[in-house]
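Coordinates in review
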Amino acid sequence: MRHKTSSSEAAWQEEELSAAALPDKRLARRLQRLLDQMSAAPGKPIPAACGD
């Protein structure tokens, strides 16, 4: 489930993803999902932001 992101937020996420340089596309998708979840719930603990 992807949340709508603003252009500045999307740019920040793209920068983080490119800096990660993950060799596996599955890991890149997983990181993208994590960034989406965490940016949708700023200030919350990771388990609360990610629904775990």
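Our structure is the block above this text.
The residue numbers shown here count from 1 along each chain, following its written sequence. A pLDDT threshold of at least 70 governs which residues receive local features in this predicted model, and a stricter bar of 80 or more applies before side-chain atom pairs are shown or counted, although totals over entire chains, interfaces and linings include all residues. Side-chain numbers here rest on the full set of heavy atoms in the structure, without hydrogens or water.

1. Considerations on the overall build of the protein
As a reminder, the rule being used: Numbering of helices and strands runs from the N terminus; a helix is a DSSP stretch of H or I covering at least four residues, while a strand is a stretch of E covering at least two. Each residue gets one of three labels from its accessible area relative to the maximum for its type: buried under 20%, exposed over 50%, partly exposed in between, using a 1.4 Å probe on protein chains only. All accessible-area figures derive from a Shrake-Rupley calculation using a 1.4 Å probe, and residue coverage is judged against the displayed protein chains alone.
Within the protein, the secondary structure is distributed over three helices and zero strands. Its helices and strands in sequence order give the protein the pattern α-α-α, from N to C terminus. Per-residue burial over the protein gives 15% buried out of 52 residues. For the protein, the computed accessible surface area is about 4,200 Å², with 56% contributed by carbon and sulfur atoms.

2. Section: unusual backbone geometry
A positive phi is found at Ala-21, a non-glycine position, where the angle reads about 50°. Here Ala-21 is to be found in the loop between α1 (7-20) and α2 (25-40).

3. With respect to a nonpolar patch on the surface
The condition that has to hold: Within the patch definition used here, like charges are joined within 9 Å and nonpolar side chains (Val, Leu, Ile, Met, Phe, Trp, Tyr) within 5 Å, considering only residues with over 30% relative accessible area and no salt bridge. A pair is scored as a salt bridge if a Lys or Arg side-chain nitrogen falls within 4 Å of a carboxyl oxygen belonging to Asp or Glu.
Residues Leu-34, Met-38 and Ile-46 make up a contiguous nonpolar surface patch of about 240 Å² in total accessible area. The residue Ile-46 is located in helix α3 (residues 46-50) in this model.

4. Some words on the environment of Ala-28
Counted only if it meets this: Contacts: residue pairs with any heavy atoms within 4.5 Å of one another.
Inspection of the secondary structure assignment puts Ala-28 in helix α2. Residue classification places Ala-28 among the partly exposed residues on the basis of a relative accessible area of 28%. Sequence spacing of Ala-28 and Ser-18 is 10 residues, and the spatial spacing of their C-alpha atoms is 9.3 Å. Excluding residues within four positions of it along the chain, Ala-28 makes contact with Leu-17 and Leu-22.

5. Regarding a positive patch on the surface
Cut-off, in case you're wondering: Within this scheme the basic residues Lys and Arg register as positive and the acidic residues Asp and Glu register as negative, but His and the chain ends are omitted. A charged residue contributes its charge at one atom only: NZ of Lys, CZ of Arg, CG of Asp or CD of Glu.
Taken together, the side chains of Lys-25, Arg-29, Arg-30 and Arg-33 present a region of like positive charge at the surface. With respect to the helices and strands, Arg-30 occurs in helix α2. Here Arg-30 falls in the exposed class, since its relative accessible area comes to 51%.

6. Describing the side chain of Gln-13
Going by this rule: Polar contacts here mean pairs of N or O atoms no more than 3.5 Å apart (in protein, one a potential hydrogen donor and the other a potential acceptor; neighbouring residues in sequence count only if both atoms are side-chain atoms).
When you line up the elements, Gln-13 lands in helix α1. The class for Gln-13 is buried, based on a relative accessible area of 2%. A polar side-chain atom of Gln-13 sits 2.8 Å from a polar atom in the side chain of Gln-32.

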